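The residues making up each chain are set out below.
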2 protein chains.
Amino acid sequence: MRLTRAFLPTLKETPAEAQIVSHRLMLRAGLIRQTSAGIYAWLPAGWRVLQRVTQIVREEQDRAGAQEVLMPTIQSAELWQRSGRYEDYGKEMLRLKDRHDRDMLFGPTNEEMITDIFRGYATSYRDLPRNLYHIQWKFRDEVRPRFGVMRGREFLMKDAYSFDMTMEGAQHSYRQMMLAYLRTFQRMGLKAVPMRADTGPIGGNLSHEFIILAETGESTVFYDSEFESRDWADTSLGYDDVPALQGFFDQVTSMYAATEEMHDATAWQSVPEARRREGKGIEVGHIFYFGQKYSATMGLSVAGPDGTTVVPEMGSYGIGVSRLVAALIEANHDEAGIKWPDAVAPWKLAILNLKPGDAGCDALCEKLYAAFPDQAVYDDRAERAGVKFNDADLMGFPWQAIIGPRGAANGRVELKRRMTGEREELSFEDALARLSA
Amino acid sequence: MRLTRAFLPTLKETPAEAQIVSHRLMLRAGLIRQTSAGIYAWLPAGWRVLQRVTQIVREEQDRAGAQEVLMPTIQSAELWQRSGRYEDYGKEMLRLKDRHDRDMLFGPTNEEMITDIFRGYATSYRDLPRNLYHIQWKFRDEVRPRFGVMRGREFLMKDAYSFDMTMEGAQHSYRQMMLAYLRTFQRMGLKAVPMRADTGPIGGNLSHEFIILAETGESTVFYDSEFESRDWADTSLGYDDVPALQGFFDQVTSMYAATEEMHDATAWQSVPEARRREGKGIEVGHIFYFGQKYSATMGLSVAGPDGTTVVPEMGSYGIGVSRLVAALIEANHDEAGIKWPDAVAPWKLAILNLKPGDAGCDALCEKLYAAFPDQAVYDDRAERAGVKFNDADLMGFPWQAIIGPRGAANGRVELKRRMTGEREELSFEDALARLSA
């Protein structure tokens, strides 16, 4: 993408309305633009990050055996009247009427709808277990939307729903999602800690929130520092190995971690003092086991192996996908701007031409750009070097290739690694090799 | 995907409510499920097709130089009051109020919003031309939704918006999109004919619809058969070559093609009789040039090279992405079911194990499945061969690999090509080579 042709606007001024750093940087770096209170358009750079985050979430759901569907945003009120949540949900539910005066709503979550869909096809134990997920825009009409996409009204959520014949099966599904979540966040370079949590309006008796530590978090959390050293990526732990997954779950849940609401001062004392961590956290995921709550109310039942009727056991599993983009910035930034981890960066590389019009600079920049047509932003604007440095730092590309007349004359490129600030002058070939590694 | 673990339900009965073949087959093959009148959930097979169609649309927009964003579904009524379309739009617009009693709506299209966003950043001629697109769910509250996703209420649309400094520039943008559209549809194996059309509520004075010929089409169309032999894929025609693109446009528009509303009987007579084609068509795309209609009403202006204020010239360009899935089926099916073109098939291959439990069948099927982990559906169900043949034909996988005990004993696989019905018995290695080609 050449900046002279791109729609990658940056703002010099810090927008007054933005109270937290991710919101400020998302506006300044041109990732999002507010179109109504708590509702945002994603501009090209932001949209690319959101797509990369979405794709990681998708791949890890698929690996765990969940299958992707897409449910619509608009639901009929009747579904929610059946579960009894239509009245419960309160003013956060965006209610509306269609032209025939039917009560509809913009879905804030999909337990009712997925149960109703699954009911339309599942007849026997052979149709279970299944885990279905979708990645769709939701709407929650927050009374005071704030913090940008961290607490917006229209937001992108991945929500998965598991159907099992037994409680043991449902617990296995729950453990699969716990592992998938830890792997998902780790791939993005985030340390997320699962914490026992209240089940709230979803219901049920087993629930974990996944919390990213950040100063701007809304909730206070307590956890054992052992979490910080864990690596969940080891794929020798397979999703179909029931005892191994139980072992994993027992190990995770044996380490202390709790939100303020669930905090147990006595249990906390048994964590060695040096390992006690207390801080602010951002919730990026939440998993629930709620048994037959929705299958029973929505009339889902199947024939068991012995012919008796069984009401399936369910769970639901959410990740706040658009919120994750903000959480990633909260965890990766400095005074100058965003520092995107490689896994989610909108473009891997910014090529800064310090003197457009200089034949040597232009030629070397074009040569480098040709090597990364889809992964590089080429700053070919007639702007001062300082403007280019600032914009590249602000937008947070993992690599900057800085090419000025002196270097170009000698065929040399300066590479800057945004995450660490390291700089190195290299021959063109070595720079290419470094960037391709 | 193993069918014993998949959520790929098929229906034996033809649903009574479905009047056209694509709607019937989408329900029977388990691609979609209606959740409210004119509102559908996409089940795994349908969702995969929709993603593949979306990706082709995206790639061709990117190649043409358009840049992807994502605008929200919920818009403020105030935007539409400014353009004057809030009242004009009538009952097809889904209107609603949020908890603070503000008038909002579910976007049916985005001319107002994109102009307002662009206005927030563009200040000078250097910021133009730009073409911004998004692929987002829209809502049009049809009084009588029907024909499945062909005329649903919540539907997926790609809409692009171009901003140019001059009318000539805007016409070039228009031609870029015309070429991109012809290439997009051709990649899906569809012959789409651009036809002069009425501009309708979008406004403006230049507009083309892209029509796929199909018996179930709603509109009568007239066109020169020369269109059928054209190949638009030749990439030597570049998007930045203004005279070449004008030549392409002049050539396309010199051939007769018109919808019933725009049909000109006199001009029709000048088409050689043998080349006159008349039929029913399905609209899958629509492009508009409307000049300053929205830039003027929404207050978008920039400084020209000489410092004077310029109100940009605009166009908008839509593709009905979810409708395309139905149109693809209308164009590719037989009595037994869907015949997916390779470019959009949900999975490339179905592996039919005719005798699960037979060691030879199981081993050969597993070996083949291991070669295509993400591209094959493995029918490992304990079902009769006839059920498997019917389901594979219905779901329309481009290839079927049929493995029975006799073949397996000799290491042989029968391959069936769904599009042509051709069958061939091959050694495992040859089958693998054929499928990998």
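So, a few notes on the structure that sits alongside this text. Predicted, not measured: the structure shown is a model, and the values here were computed from it.

### Concerning unusual backbone geometry
Phase 1 of the analysis: With an omega of -10°, the peptide bond between A:L128 and A:P129 qualifies as cis.
Phase 2 of the analysis: Locating A:P129 in the fold gives a position in the loop between helix 5 (111–119) and strand 7 (130–139).
Phase 3 of the analysis: Residue A:F147 is not a glycine yet carries a positive backbone phi of 60°.
Phase 4 of the analysis: Position of A:F147 among the secondary structure elements: in the loop between strand 7 and strand 8 (154–164).
Phase 5 of the analysis: Although it is not a glycine, B:D101 sits at a positive phi angle of roughly 70°.
Phase 6 of the analysis: Secondary-structure assignment places B:D101 in the loop between strand 5 (94–97) and strand 6 (103–106).

### Concerning the pattern of salt bridges
Residue and element names in this part refer to chain A.
Phase 1 of the analysis: Applying the stated criterion across every chain yields a total of 64 salt bridges over all chains.
Phase 2 of the analysis: The closest approach of N and O atoms between R187 and E59, which form a salt bridge, is 2.9 Å. Within this pair, whereas R187 is found in helix 6 (residues 167–187), its partner E59 is found in helix 2 (residues 44–63), the two being separated by 128 residues in sequence.
Phase 3 of the analysis: A residue is classified by how much of its surface remains accessible, and R187, at 32% relative accessible area, is partly exposed.
Phase 4 of the analysis: Across the salt bridge formed by R102 and D98, the nearest N and O atoms sit 2.9 Å from each other.
Phase 5 of the analysis: The exposure class of D98 is buried, given its relative accessible area of 5%.
Phase 6 of the analysis: When salt bridges with common partners are traced through the structure, they connect E59, E60, R63 and R187 into a single cluster.

### A look at the pairing of strand 1 (residues 32–36) of chain A
All names here are of chain A.
Phase 1 of the analysis: Bridge count for strand 1 against strand 2 (residues 39–42) is 4 bridges, and the pairing is antiparallel. Paired with I32 across the strands is W42, a residue of strand 2.
Phase 2 of the analysis: Joining the antiparallel neighbours strand 1 and strand 2 is a turn of 2 residues, in which G38 adopts a positive phi near 70°.

### A closer look at the relation of the copies chain B and chain A
Phase 1 of the analysis: Taken as rigid bodies, chain B and chain A are interconverted by a rotation of 180° and an axial shift of 0.0 Å, the fit giving an RMSD of 0.0 Å. Classification of the inter-copy transformation places it as that of a two-fold axis. Considering only C-alpha atoms, the part of chain B nearest the rotation axis is B:L96, at 2.8 Å.
Phase 2 of the analysis: A symmetric contact is evident, with 100% of the interface residues of chain B recurring at the interface of chain A.

### A short note on the interface of chain B and chain A
Phase 1 of the analysis: At the junction of the two partners, chain B supplies 61 residues and chain A supplies 61 residues.
Phase 2 of the analysis: Summing both partners gives a buried area of about 5100 Å² for chain B against chain A, and 57% of it is carried by carbon and sulfur.
Phase 3 of the analysis: Of all residues in chain B, B:F7, B:R99 and B:Y121 give up the largest surface area on contact with chain A, accounting jointly for 16% of the area buried on that side.
Phase 4 of the analysis: Summed over the shared surface of chain B and chain A, the number is 4 salt bridges.
Phase 5 of the analysis: Across the contact surface, chain B and chain A share 28 residue pairs in polar contact (both at pLDDT 80 or more).

### Considerations on the packing of aromatic side chains
Phase 1 of the analysis: Inspection of every chain in the model, using the stated rule, returns 31 aromatic pairs over all chains.
Phase 2 of the analysis: On the basis of an interplanar angle of 80° and a centroid distance of 5.0 Å, the ring pair of A:F290 and A:Y294 is categorised as edge-to-face.
Phase 3 of the analysis: Relative to B:F210, the ring of B:Y181 lies with its centre 5.1 Å away and its plane at 55°, an arrangement referred to as tilted. In this pair, B:Y181 is assigned in helix 6 (residues 167–187) and B:F210 in strand 10 (residues 206–213), connecting sequence segments 29 residues apart. The pair formed by B:Y181 and B:F210 is uniform in burial state, with each residue classed as buried.
Phase 4 of the analysis: Taken together, the ring pairs connect A:F7, B:F118, B:Y121 and B:F163 into an aromatic cluster.
Phase 5 of the analysis: Here A:R95 stacks its cationic end above the ring of A:Y86, 4.6 Å away from the centre of that ring.
Phase 6 of the analysis: Here B:R33 stacks its cationic end above the ring of A:Y121, 4.9 Å away from the centre of that ring.

### Things to note about the packing of helix 2 (residues 44–63) of chain B against helix 6 of chain B
Residues and elements named next belong to chain B.
Phase 1 of the analysis: In the contact formed by helix 2 and helix 6, the axes pass within 9 Å of each other and the chain directions differ by 150°. Compared by their axis directions, helix 2 and helix 6 come out roughly antiparallel. The element helix 2 and its partner helix 6 pack so that their crossing is right-handed. From helix 2, I56, V57, E59, E60, Q61 and R63 reach across to helix 6, where they touch M177, A180, Y181, R183, T184 and R187.
Phase 2 of the analysis: Its residues assigned to classes, the contact of helix 2 with helix 6 shows 5 nonpolar, 2 polar and 5 charged.

### Focus on the environment of A:E13
Residues and elements named next belong to chain A.
Phase 1 of the analysis: Relative to the helices and strands, E13 resides in the segment before helix 1 (21–28).
Phase 2 of the analysis: Taking the relative accessible area as the measure of exposure, E13 reaches 62% and is therefore exposed.
Phase 3 of the analysis: Considering only alpha carbons, one finds E13 and R28, 15 residues apart in sequence, at a separation of 7.3 Å.

### What to know about the packing of helix 6 of chain A against helix 7 (residues 242–254) of chain A
Residue and element names in this part refer to chain A.
Phase 1 of the analysis: At their nearest, the axes of helix 6 and helix 7 sit 10 Å apart, and the two run at 65° to each other. As for how helix 6 packs across helix 7, the hand of that crossing is left-handed. Listed contacts from helix 7 to H172, Y174, R175, Q176, M178, L179 and L182 of helix 6 are V242, L245, Q246, F248, F249 and V252.
Phase 2 of the analysis: Partitioned by chemical class, the residues of the contact of helix 6 with helix 7 number 9 nonpolar, 3 polar and 1 charged.

### Focus on the sheet that holds strand 21 (residues 399–403) of chain B
Residues and elements named next belong to chain B.
Phase 1 of the analysis: With respect to topology, 5 strands assemble into an open sheet ordered 20-19-21-22-23, the strand pairing being mixed. Edge positions in the open sheet fall to strand 20 (376–379) and strand 23 (423–427), since each of these has one partner strand only. Each adjacent strand pair in this sheet contributes to an overall mean axis angle of 25°, direction not counted.
Phase 2 of the analysis: When strand 22 (residues 412–417) meets strand 23, the two strands line up antiparallel, connected through 5 bridges.

Basis of the calculations
- Here the residue index of a chain counts from 1 through its sequence in written order.
- Chains and ligands are labelled sequentially in the order written, the chains with letters from A and the ligands with numbers from 1.
- Only residues with pLDDT of at least 70 are given local features in this predicted model, and only at 80 or more are side-chain atom pairs given and counted; all residues enter the totals for whole chains, interfaces and linings.
- Heavy atoms throughout the structure, all of them, feed into the side-chain values; hydrogens and water do not.
- Each helix corresponds to a stretch of at least 4 residues labelled H or I by DSSP, and each strand to a stretch of at least 2 residues labelled E; elements are numbered beginning at the N terminus.
- In the sections that follow, a salt bridge refers to a side-chain nitrogen of Lys or Arg positioned within 4 Å of a carboxyl oxygen of Asp or Glu.
- Classification of residues uses two cut-offs on accessible area relative to the type maximum, computed with a 1.4 Å probe and protein chains only: under 20% is buried, over 50% is exposed, and between them is partly exposed.
- Two strands make a pair as long as DSSP finds a minimum of two bridges between them.
- We superpose the copies by least squares over the C-alpha atoms of residues that have a pLDDT of at least 70 in both of them.
- Whether two residues are in contact is decided by their heavy atoms: any pair within 4.5 Å suffices.
- Note on definitions: buried area is the accessible-area loss of two parts on being combined, 1.4 Å probe, summed for both.
- Whenever a nitrogen or oxygen atom comes within 3.5 Å of another N or O atom, the pair is scored as a polar contact, on the condition that within protein one atom can donate a hydrogen and the other can accept it, and that pairs from neighbouring residues in sequence are kept only if both atoms are in side chains.
- Stacked, edge-to-face and tilted are the three classes for Phe, Tyr and Trp ring pairs, Trp counted by its six-membered ring, which pair at centre distances within 6.5 Å; planes under 30 degrees apart are stacked, over 60 edge-to-face, the rest tilted.
- Counted as over-ring charges are cases with an Arg CZ or a Lys NZ within 6 Å of the ring centre that also lie within 35 degrees of the ring normal.
- Each axis is a line fitted through C-alpha atoms, and for a helix only the stretch in contact is used; angles between axes span 0 to 180 degrees, taken between their N-to-C directions.
- Throughout this description, any angle smaller than 35 degrees is read as roughly parallel, any larger than 145 degrees as roughly antiparallel, any in the 65 to 115 degree range as roughly perpendicular, and the remainder as oblique.
- Left-handed is the label given to a crossing in which the near helix is rotated counterclockwise from the far helix by less than a right angle, and right-handed is the label when the rotation is clockwise.
- Lys, Arg, Asp and Glu make up the charged group, whereas Ala, Val, Leu, Ile, Met, Phe, Trp, Tyr, Cys and Pro make up the nonpolar group; the residues left over, Gly among them, are polar.

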